[in-house]
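So the chains spell out like this:
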Amino acid sequence: MSISTPQPGESVNRSVTDRLVLANRTYADDFRDPGMDARPVLRVAIVACMDARLDLHAALGLELGDAHTIRNAGGVVTDDTIRSLTISQRALGTRSVVLIHHTGCGLETLTEDFRTELEDAVGQRPTWAVESFRDVDQDVRQSMARVRTSPFLAHTHDVRGFVFDVHTGLLREITTT
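Starting afresh in each chain, residues are numbered from 1 along the sequence in its written order. Note on the predicted model: pLDDT of at least 70 is required for a residue's local features to be given, and 80 or more for side-chain atom pairs to be given and counted; whole-chain, interface and lining totals, by contrast, use all residues. Each side-chain value is worked out from all heavy atoms of the structure, with water and hydrogens disregarded.

1. Regarding the pattern of salt bridges
It is possible for side chains bearing opposite charge to pair when their charged atoms get close. A side-chain nitrogen of Lys or Arg and a carboxyl oxygen of Asp or Glu constitute a salt bridge if their distance falls within 4 Å. What the rule picks out here adds up to six salt bridges. In this structure, the salt-bridge partner of Arg146 is Glu131, at a minimum N-O distance of 3.2 Å. Placement of the pair is Arg146 in helix α5 (residues 136–149) and Glu131 in the loop between α4 (113–122) and α5, with a sequence separation of 15 residues. Buried means the residue's accessible area, taken with a 1.4 Å probe over protein chains only, is under 20% of the maximum for its type, while exposed means over 50%, and partly exposed covers the values in between. Arg146 gets classed as partly exposed once you look at its relative accessible area, which sits at 28%. Under the relative-accessibility criterion, Glu131 is labelled buried at 16%. We count a stretch as a helix when DSSP gives it H or I for four or more residues in a row; a strand needs E for two or more, and each element gets its number in order from the N terminus.

This is the structure:
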């Protein structure tokens with residue numbers, strides 16, 4: 001069942017969340033507990049943008065249970081990303097970190113002025129940074145540096161960064177030099 005197209009007899013007034021819950025029921029009908037725990041089989045954590053065009057499992061040939069995936073706007077390494085990576089490494093055994101940004105990212109169109117606009121709109125300034133950028137390659141380098149220099153991460157020797165091309169589906173590796 002597609003969640004984007006109402007099925008015959010289905011109300012077009014159904015909310016997106018209602019449609020997701022309905023799709024989950026269909027999924028659960030065939031679900032079988034794979035018997036695995038929270039430790040990823042490949043011992044890798046992937047940090048990527050939340051962009052809906054990135055199907056990480058398909059693009060990287062991953063199966064259920066292979067990797068931890070941490071997603072946020074831009075795939076940037078923030079304090080919360082470091083928190084998740086620290087738990088992933090120290091409590092759940094990951095050893096490698098893969099960072100994936102992408103072409104045509106929405107963060108390339110924003111500036112830190114977005115915070116001021118929010119403050120004007122809601123009367124409170126966000127405590128978080130937008131983390132916008134103009135050069136995706138440089139932002140990947142910055143994210144790699146943040147991972148490699150974090151005192152909380154036990155495994156910083158295998159950190160690699162990439163840019164995913166949303167038009168070709170290919171990854172392009174970014175070097176630190």
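2. Details of the side chain of Asp66
Examined against the element boundaries, Asp66 turns out to sit in the loop between α2 (56–60) and β2 (67–72). In this structure the side chain of Asp66 is engaged in a polar contact, spanning 2.7 Å, whose partner is the backbone nitrogen of Glu63. Beyond its immediate sequence surroundings of up to four residues, Asp66 is in contact with Pro40, Val41, Leu42, Arg43, Val44 and Gly61. In protein, a polar contact means a hydrogen-donor-capable atom and an acceptor-capable atom, both N or O and within 3.5 Å, with residues adjacent in sequence counting only if both atoms are side-chain atoms; elsewhere, any N or O pair within 3.5 Å suffices. Contact between two residues is taken to exist if any of their heavy atoms lie within 4.5 Å; hydrogens are not considered.

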